Amino acid sequence: AFGGVDPLLEGLNPAQERAVIARGPALLIVAGAGSGKTRVLTHRIAHLIREREAWPSQILAITFTNKAAAEMRERIAGLLGDAAEGMWVSTFHSACVRILRREAERFGYVAGFTIYDSADSRALLKRIIKELDADTYGFTPANSGSKISRLKNELTDVDTYAATAVEGDPRERLFIEIFRTYEQELRRANAFDFDDLIGQTVHLFRAHPDVAAVYQRRFRHILVDEYQDTNHAQYSLIRELTKPVAPEEVERLVPPARERELDDSGRIPGASLTVVGDSDQSIYAFRGADIRNIVEFERDFVGAEVVKLEQNYRSTQNILSAANAVIGNNFDRQEKSLWTSEGDGAKIVGFTGYSQHDEARFVAEEIEDLHREGLDYNDIAVFYRTNSQTRALEELLIRAAIPYRVLGGTKFYERAEVKDAMAYLTSIANPYDPITWSRLLGAPKRGIGPMAEAQLANFQEAQGINFHEAMLRCGELSFGPKVRASILGLGDLLSRASRMAVGGGATDASAAPGEDAAEKQPAPVGDLLKLILDETEMIEKLRARRDPQDDARAENLEELLAVAREFDVKQPGAGLLAFLTEVSLVAAADDLDDSSGTVSLMTMHTAKGLEYRSVFITGVEEGLIPHQMSVDEVGGVNEERRLMYVGITRARERLYLTLASTRATFGDVSVAMPSRFLQEIPEGLIDWRQSPGEVTSRGGTASRALNAPARPGSGYSRSSGRSTESAVSFGSGGSGSAAVSEPASGNMQSALEQWRERKRAAKA
Ligand code: ATP
Ligand code: MG
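Residues numbered from 1 in each chain as written. Chains lettered and ligands numbered in written order. Predicted model: local features only at pLDDT ≥ 70, side-chain atom pairs only at ≥ 80, totals over all residues.

**Description of unusual backbone geometry**
Phase 1 of the analysis: Of note, the amide linkage connecting Val254 to Pro255 takes the cis form, showing an omega dihedral of -10°.
Phase 2 of the analysis: Relative to the helices and strands, Pro255 is located in the loop between α12 (247–250) and β7 (272–277).
Phase 3 of the analysis: With an omega dihedral of -5°, the bond running from Ala443 to Pro444 counts as a cis peptide bond.
Phase 4 of the analysis: By secondary structure assignment, the location of Pro444 is in the loop between α19 (434–441) and α20 (450–463).
Phase 5 of the analysis: Within the chain, Glu226 stands out as a residue other than glycine whose phi angle is a positive 50°.
Phase 6 of the analysis: The residue Glu226 is located in the loop between β6 (221–224) and α11 (232–241) in this model. (Helix = DSSP H or I, 4+ residues; strand = E, 2+ residues; numbered from the N terminus.)

Here is the structure:
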């Protein structure tokens, strides 16, 4: 545009360039991992804005995680500078919350609605199941919750479901009852669950064409990354958003539509849609992701242009060959092969430990070596299939003093103390929500028991008032003086905080309404939280217990306060609702952490879309990857294979595949077999430091290896020579003895929790 090389197109290959400059109504970019799909999206957005074909506010870009959204925003800002202001780059969920907050009244909701996370949903379901005595029929919050979630992802509401359900089946009837009650309770609480966010937005658009028209007009370009993992509800949302605005709706738009917005038939044409995806990386079928969305894109969006990208810019050829070999075993796919011009690179390194401990030691030691060779810890990631695998890894990393962080582990906002404090803020925004109110009553303990709670709740319902008002009027109920004082105190705190939140002032309740109206600003969120933490003495009470775990909890609360203060600085005047929205959408605790200088640990699911110079995939065993639960499911192994493909293709330069010949899970030690996916990788690509064959044939030495000094660097010996040539023989792995015993932990998950707590305490 400015003569010479266009910086936005510079360095792109011809297919990528075509995808950046294409201007049809619909564009599908299908390509393998690391071929620049996300990069193309980013450049396409920048190009649209710089060529003045769109205002930033006319663009809606959808990514799969908040982290990916932040990265994309950053990259666009890098290309354009400030010009990117006002653009919506977000996940499906965040985009929908923004829409729902604006349009909540249409639903009989108020803008301050609560978003229930899965723990909240489960708490509500637990009550319902108990009330309906449904547990005797085998209903649990987990199984009914996931069924409801699946139905919502398919946009099936309770009436539709009831109409198709098997008649006369008592279990089915009971489930419908649970589902129906659940929906009623959500509404009464002025709350949405996570799946509702998308489903209700679709519902809103369908029920209110005038509302839909506002967004259909606003977003002229919609771009979706990781399209292969969209489910039916998300797909439907996209369909609604890309519809043209019909002439009768055009007339109702404010401000009136201008001539140039309209096409020949008096409509506002539908937004252009760009989706990018890789059907080989579809790994969310269990959450209702529907691979057909990508397969049928061309049929759904007539006139769609298709661009294929095949050159990979991320990985070396050895890594790609391994990835191609593995995914080649899925026969239900469109053939595509990745290649690179970068050369073969290093071989893949394989290692079989005697135990998961031994495996972890290898990982820690290799990381030390890589670091010594000059690699940043940042550039290294360790993947696993299940969260329970982290304990051994964390243990060895700590011993080796390697800084690390766990992505998507126990989430900061899911910690009990953080949820306690958040319950106050949530209740201030939505005083009708029983789940958060019930939570804050007992946090900290203040002598308001279940009986008192039930009385208050009944009173609240009977009077049609909110929970805070009910508490202030507890004098009308028969409570003892101590309980009454406690309830009144809490009710008073909540009402004062509520006034502050809307700008009424905390202490100055006597001021006449309207007085100083101009000066009445909503209080900063940090001030609100500070008030709550001070008056409830949550932090002091934790500190007073002199238990390192409680110290860690107190620190989490201080951290939360810091988060709130930071929010106030970043978004001055945005207020409580904006804060709650942000918090409820932040995926992981680790988004709070500084990622510099740490090795990243995560599940393979979390790894999607990311890249690292060195990648360790651990636990490459039957039962883990492919996961035990997938093996008996139709298509289950194929989905696991795609997950393995995602894992392998994250690596840029070095890939390590490790496993253990015995593994302790939930206190039991079992013999582990190498994953079938390992056998799918051509032998010549892997340099085995210790092959599965070597370990099982020398099973007798296992205990020695376990007892060896744990300090990395002195544990196993890395004898050279035998590694490259060693023959890999699989299949007979079951012969090793299972006598090796890891320190048995009754419950891995809680042991892991304690371990992390101790670590935090030690760090402090
Ligand atoms: P995934 O399927 O894993 O999400 P992707 O297709 O989105 O991968 P990107 O993350 O966009 O791939 O790109 C992979 C890497 O290749 C990035 O580091 C990117 O900067 C780089 N890359 C992409 N295209 C080019 C190019 N034309 N020249 C140089 N580097 C490129
Ligand atoms: Mg990508």
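**Describing the sheet that holds strand β1 (residues 26–31)**
Phase 1 of the analysis: Judged by pairing direction, the sheet is parallel, and its six strands sit side by side in the order β3-β2-β6-β7-β1-β8 without closing on themselves. Each end of this open sheet is capped by a strand with a single partner; those strands are β3 (88–91) and β8 (305–309). Taken over all neighbouring pairs, the strand axes of this sheet differ in orientation by 15° on average, direction set aside.
Phase 2 of the analysis: Inspection of the sheet shows strand β2 (residues 59–63) paired to β3 by four bridges, in the parallel sense. Looking across to β3, one finds that Thr63 is bridged to Thr91. (Pairing = 2+ DSSP bridges. Axes fitted to C-alpha atoms, helices over the stretch in contact; angles between N-to-C directions.)

**Considering the nonpolar core**
Phase 1 of the analysis: The biggest cluster of nonpolar side chains holds 126 residues, and the ones touching the most others in it are Ile29, Ile45, Ala61, Ile222, Leu425, Leu528 and Leu576.
Phase 2 of the analysis: Ranked by residues supplied to this core, first place goes to helix α18 (residues 416–429) with eight residues.
Phase 3 of the analysis: With sequence-adjacent residues up to four places away left out, Ile29 is seen in contact with Ala19, Lys37, Val40, Val276, Val307 and Leu309.
Phase 4 of the analysis: Counting residues in hydrophobic clusters, the runner-up holds 63 residues, among them Val326, Leu338, Leu370 and Tyr404. (Core = buried A, V, L, I, M, F, W, Y, C linked by C-beta atoms within 7 Å. Buried ≥ 20, exposed ≤ 12 C-beta atoms within 10 Å, placed from the backbone. Contact = placed C-beta atoms within 7 Å.)

**A look at the domain arrangement of the protein chain**
Phase 1 of the analysis: According to the domain assignment, the protein chain consists of domain 1 (14–102 + 198–309), domain 2 (116–189), domain 3 (347–411 + 593–623 + 654–758) and domain 4 (413–586).
Phase 2 of the analysis: For domain 1 versus domain 2, the distance between C-alpha centres works out to 33 Å.
Phase 3 of the analysis: Listed as interface residues are eight residues of domain 1 and, on the opposing side, five residues of domain 2.
Phase 4 of the analysis: Of all the secondary-structure elements, those providing two or more residues to the side of domain 1 that touches domain 2 are α9 (194–207) and α11.
Phase 5 of the analysis: Ranked by residues supplied to the side of domain 1 that touches domain 2, first place goes to α11 with three residues. (Domains from an automatic or database assignment.)

**Section: the sheet that holds strand β11 (residues 404–406)**
Phase 1 of the analysis: The seven strands are arranged β11-β12-β10-β13-β14-β9-β17 in an open sheet whose pairing can be described as parallel. Edge strands, defined here as strands with exactly one partner in the open sheet, are β11 and β17 (686–690). Recorded for the sheet is a direction-independent mean angle of 20° between the axes of neighbouring strands.
Phase 2 of the analysis: In this fold helix α17 (residues 390–399) packs onto β10 (380–384), β11 and β12 (599–603), with an angle of close to 175° to the strand it touches most, β12.

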